[in-house]
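Report on the structure
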Amino acid sequence: MKLKVLIVEDNLIIQMFIEHIITNVGDTHVRTADNGEDALSIAEHYMPNVVLLDIGLSGGINGIETAAILKEKYNIPFVYITGNSDYSTLENAKKTEPLHILKKPIDEHELNREFEIIRQKLMESKLESSE
């Protein structure tokens, strides 16, 4: 099963690092955005299986607001990426029910493990819906 991923990260180096890691995990197709507005536009047409997004995006809407719209409008699961670990931010992020919250700096093994879990959940979900 080809996994369609949208990475939403405003730091190009981190964005490229994540893309490099997940494209080596398996059959994965990646799109990227550096702000919430572009992420929503891409998601509407691309319909990714999962979105990885930075909580502290620059631009008009932050990562938490973007995630809430992705979930409400398209029911797309997401994983937060954050360098911000203050209690208030993390509590607000948890309210949107992410699959997981990854802390920066990104650990390659943790990201690989997360994608294996996501791939497995998607395959199980696909099996259940076909029965």
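As the structure is a computational prediction, the values presented were derived from the model and not from experiment. (Residues numbered from 1 in each chain as written. Predicted model: local features only at pLDDT ≥ 70, side-chain atom pairs only at ≥ 80, totals over all residues. Heavy atoms only, no water.)

With that settled, consider the side chain of glutamine 15. For glutamine 15, the location among the structural elements is in helix α1 (residues 12-23). A relative accessible area of 8% means that glutamine 15 is categorised as buried. Only 3.0 Å separates the side chain of glutamine 15 from the backbone oxygen of glutamate 9, close enough to count as a polar contact. Contact partners of glutamine 15, with chain neighbours within four places excluded, come to Ile7, Glu9, Thr32, Ala33 and Asp34. (Helix = DSSP H or I, 4+ residues; strand = E, 2+ residues; numbered from the N terminus. Buried < 20%, exposed > 50% of the residue type's maximum accessible area, 1.4 Å probe, protein only. Polar contact = N/O pair within 3.5 Å; in protein donor to acceptor, adjacent residues only side chain to side chain. Contact = heavy atoms within 4.5 Å.)

Looking at the secondary structure, you find glutamate 110 in helix α5 (residues 108-130). By relative accessible area, glutamate 110 is classed as partly exposed at 25%. Distance from glutamate 110 to glutamate 44, taken between C-alpha atoms, is 28 Å for residues 66 residues apart in sequence. The residues contacting glutamate 110, other than those within four sequence positions of it, are His100 and Leu102.

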